[in-house]
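# Understanding the architecture of this molecule
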Amino acid sequence: MIRLGDLERAVMDVLWDGAGGGHTVRDVADALKDRGLAYTTVMTVLDRLAGKGMVERERAGRAWSYRAAAAREAYIAQLMLDALDLAGSRDAALVRFARSVSGTEAEVLRSALSDEAGGGPR
């Protein structure tokens with residue numbers, strides 16, 4: 001799984017938080033204006049993210065339009081699975097994780113597992 005640096009994560013947050021449509025480099029730069037980034041810096045980060053497969057781009061006139069290749073939740077889920085791969089015992093890591101979540105989060109997990117066992121939505 002691709003780990004994102006601080007700036008890459010900020011750019012991805014703009015894409016994930018935006019409406020489903022594409023964003024130009026200018027859109028992303030404007031959303032991150034509090035960071036004082038140069039337009040070319042944002043363009044380089046988006047190009048790098050496209051090369052990593054994190055964003056998809058298509059021509060929109062003379063500019064590129066960028067959008068996240070996958071939902072934030074899919075990215076985070078993959079990070080969690082990768083972390084489990086680092087554990088000596090996936091079972092022990094899962095148990096420790098399950099015991100550390102809040103009651104509401106535990107209920108979400110129970111519901112998801114119940115749906116999976118019953119062939120419900122995925």
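Conventions used here
- Residues numbered from 1 in each chain as written.
- Predicted model: local features only at pLDDT ≥ 70, side-chain atom pairs only at ≥ 80, totals over all residues.
- Heavy atoms only, no water.
- UniProt positions renumbered as here; feature names shortened; annotations may be inferred.
- Helix = DSSP H or I, 4+ residues; strand = E, 2+ residues; numbered from the N terminus.
- Rg over C-alpha atoms; globule rule 2.2 N^0.38 Å.
- Buried < 20%, exposed > 50% of the residue type's maximum accessible area, 1.4 Å probe, protein only.
- Contact = heavy atoms within 4.5 Å.
- Areas by Shrake-Rupley, 256 points an atom, 1.4 Å probe, with all protein chains shown as cover.
- Lys, Arg positive; Asp, Glu negative; His and termini not counted.
- Charge placed at Lys NZ, Arg CZ, Asp CG, Glu CD.
- Phe/Tyr/Trp six-rings, centres within 6.5 Å; stacked < 30°, edge-to-face > 60°.
- Lys NZ or Arg CZ within 6 Å of the ring centre and 35° of its normal.
- Pairing = 2+ DSSP bridges.
- Expected span 1.5 Å × (residues − 1).

Looking up the chain in an unreviewed UniProt entry gives the name Transcriptional regulator, with the organism given as Catenuloplanes indicus. According to the UniProt record, the Sequence similarities (unreviewed entry) comment for the chain is "Belongs to the BlaI transcriptional regulatory family."

### Description of the overall build of the chain
Per the secondary structure count, the chain includes six helices and two strands. When the helices and strands of the chain are listed from N to C terminus, the series reads α-α-α-β-β-α-α-α. Since a compact globule built from 122 residues should have a radius of gyration of about 14 Å, the 18 Å found for the chain marks it as more spread out than a globular shape. When its C-alpha atoms are laid out on the principal axes, the chain stretches across 50 × 30 × 25 Å. Going through the 122 residues of the chain one by one, you find that 24% of them count as buried. Across the chain, every contact between residues at least 6 apart in sequence was considered, and the portion connecting residues at least 24 apart equals 52%. Just so you have it, the chain exposes about 8,200 Å², and 53% of that area is on carbon and sulfur atoms. Measuring between centres, the 17 positive side-chain charges of the chain sit 4 Å from its 18 negative side-chain charges.

### Describing the packing of aromatic side chains
Taken as a whole, this structure holds one aromatic pair when the rule is applied. Centre to centre, the rings of W16 and Y75 are 5.7 Å apart; their planes meet at 35°, and the pair counts as tilted. You can see W16 sitting in helix α1 (residues 6-17) and its partner Y75 sitting in helix α4 (residues 72-86), a full 59 residues away along the chain. Look at Y75 and you get buried, because its relative accessible area is 6%. If you follow R57 out to its NZ or CZ, it ends over the ring of W64, 4.8 Å from the centre.

### As for the pairing of strand β2 (residues 63-68)
Summarising the sheet, strand β1 (residues 55-60) and β2 pair through six bridges and their orientation is antiparallel. Pairing of A60 across the sheet is with A63, part of β2. Counting the residues that bridge the hairpin from β1 to β2 gives two residues, and of these G61 lies at a positive phi of roughly 75°.

### Section: α1
With twelve residues, α1 should cover 16 Å at 1.5 Å per step; its first-to-last C-alpha distance of 16 Å lies within 8% of that length. Three or more residues of α1 are buried, namely E8, A10, V11, M12, V14, L15 and W16.

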